[in-house]
Amino acid sequence: MRACNNIVAISDIDTRRLTRILREKGAQGGAVVTGPSVDSAAAIDLARSFPGMKGMDLAREVTTGETYQWDQGSWSLDDAAWGEGEGEAERHVVAYDFGVKRNILRILVDRGCRVTVVPATTPAAEALSLQPDGIFLSNGPGDPEPCDYAIEAIRAFIARKLPVFGICLGHQLLGLAAGARTVKMKFGHHGANHPVQDLATGQVMITSQNHGFAVDEDSLPDHVKATHRSLFDDSLQGLELSSAPAFGFQGHPEASPGPHDIAGIFDRFISNIDEAKAAGNVTLLKKA
Amino acid sequence: MTDQAVLALEDGNVFLGRSIGANGESVGEVVFNTAMTGYQEILTDPSYARQLVTLTYPHIGNTGCNPEDEESSRPMVAGLQ
């Protein structure tokens, strides 16, 4: 699998020493060189050629080329089969793919959503023409700031008061669309054991994390509220808008891998969709 | 014969080891992940594009891979150490 996917990998190195260096100096450019013989000096030059993640739009590189439907639910250990979701899947979610993890899509299907996955650069008008009941903004790599196409689309969804839920990069893009700033972190959060506090209830949940950028809590405008914070470094982990049913979570509630403590946050997106549908907001918009 | 491998950092630190993947070279941001399980999900997570991922947990590779745990259609990391 490794060789056919052309991924380089190195074993038998002191990962404790490496991790200490990264913690002290921050994430940095690097190079892995493998072969019958390797040249360390050339590898250092190669490592220094990496321009850094800041300003790098990678969502555009990893996104899907075409729109597609996703209808697979979570794997059932009892049935030894993929789930098919509940009921008639009456909620239509348009999921922006900035580098989406499949388990997110499966969890949406489990919760009765029909999911249409669209490329990262899909304009708002095109997404709206699919008549979504809610918009999901996926996780993804790189810096959120250069993703101006997505930020513009999200602003249109917020203005229409469509239910919006963002995870990871999607959360950062929602923050930028709402007027906040994002910052590059020193070494980021990557792991499956990060404590995060729900600021409304005080509850602490152990979460899966993977991000190198974060929304700066100090930059949140008045209509955006902080909802979660990391207990490792107090960085912002969740936000919600008061002007629209839109919220985001920085960590990974879909786990995969990791604990499921915060999986319930998906239910909030579902309730927002159901409330908007009940209030007729979404239906009215469809006619407009 | 086992192929050689080197991980170099931009600060000049060098780690010599053993190659356990493809032969070639890859450049990216070096990060570390502290998860004790789920390396297949980590390697196939598109959020790791252009990153060289250090897995801090030592028991890596002993549970193999299976199609149910792919988070995307292929490994997305720039490299693994």
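Computed from a predicted structure; not experimentally measured.

1. As for the nonpolar core
All names here are of chain A.
- Ranked by size, the top nonpolar core spans 37 residues in total, and within it Tyr-96, Phe-98, Phe-157, Leu-173 and Leu-174 carry the most contacts.
- Among the secondary structure elements, those contributing two or more residues to this core are strand 6 (91-97), helix 5 (124-128), strand 8 (134-137), helix 6 (148-159), helix 7 (169-177), strand 12 (224-230) and strand 13 (236-241).
- Here this core gets eight residues from one element, more than from any other, and that element is helix 6.
- Core analysis: the second largest hydrophobic core is formed by 26 residues, Val-100, Leu-108, Cys-168 and Ile-262 among them.

2. Remarks on the pattern of salt bridges
- The full count for this structure, using the stated rule, is 15 salt bridges over all chains.
- Taking the shortest distance from any N to any O, the salt bridge between Asp-274 of chain A and Arg-91 of chain A comes out at 2.7 Å. You can see Asp-274 of chain A sitting in helix 8 (residues 265-279) and its partner Arg-91 of chain A sitting in strand 6, a full 183 residues away along the chain.
- On the basis of relative accessible area, Asp-274 of chain A is assigned to the partly exposed category, the value being 30%.
- Its relative accessible area of 13% is what places Arg-91 of chain A among the buried residues.
- Ionic pairing is found between Glu-29 of chain B and Lys-184 of chain A, a salt bridge with its closest N-O pair at 2.7 Å. Residue Glu-29 of chain B is found in strand 3 (residues 24-33), and its partner Lys-184 of chain A is found in strand 10 (residues 182-198); the two belong to separate chains.
- A residue is classified by how much of its surface remains accessible, and Glu-29 of chain B, at 5% relative accessible area, is buried.
- Each of the salt bridges in this network shares a partner with another, and the network as a whole consists of Lys-54, Asp-143 and Glu-145 of chain A.

Criteria and thresholds
- Residues numbered from 1 in each chain as written.
- Chains lettered and ligands numbered in written order.
- Predicted model: local features only at pLDDT ≥ 70, side-chain atom pairs only at ≥ 80, totals over all residues.
- Heavy atoms only, no water.
- Core = buried A, V, L, I, M, F, W, Y, C linked by side-chain atoms within 4.5 Å.
- Buried < 20%, exposed > 50% of the residue type's maximum accessible area, 1.4 Å probe, protein only.
- Helix = DSSP H or I, 4+ residues; strand = E, 2+ residues; numbered from the N terminus.
- Salt bridge = Lys/Arg side-chain N within 4 Å of Asp/Glu carboxyl O.

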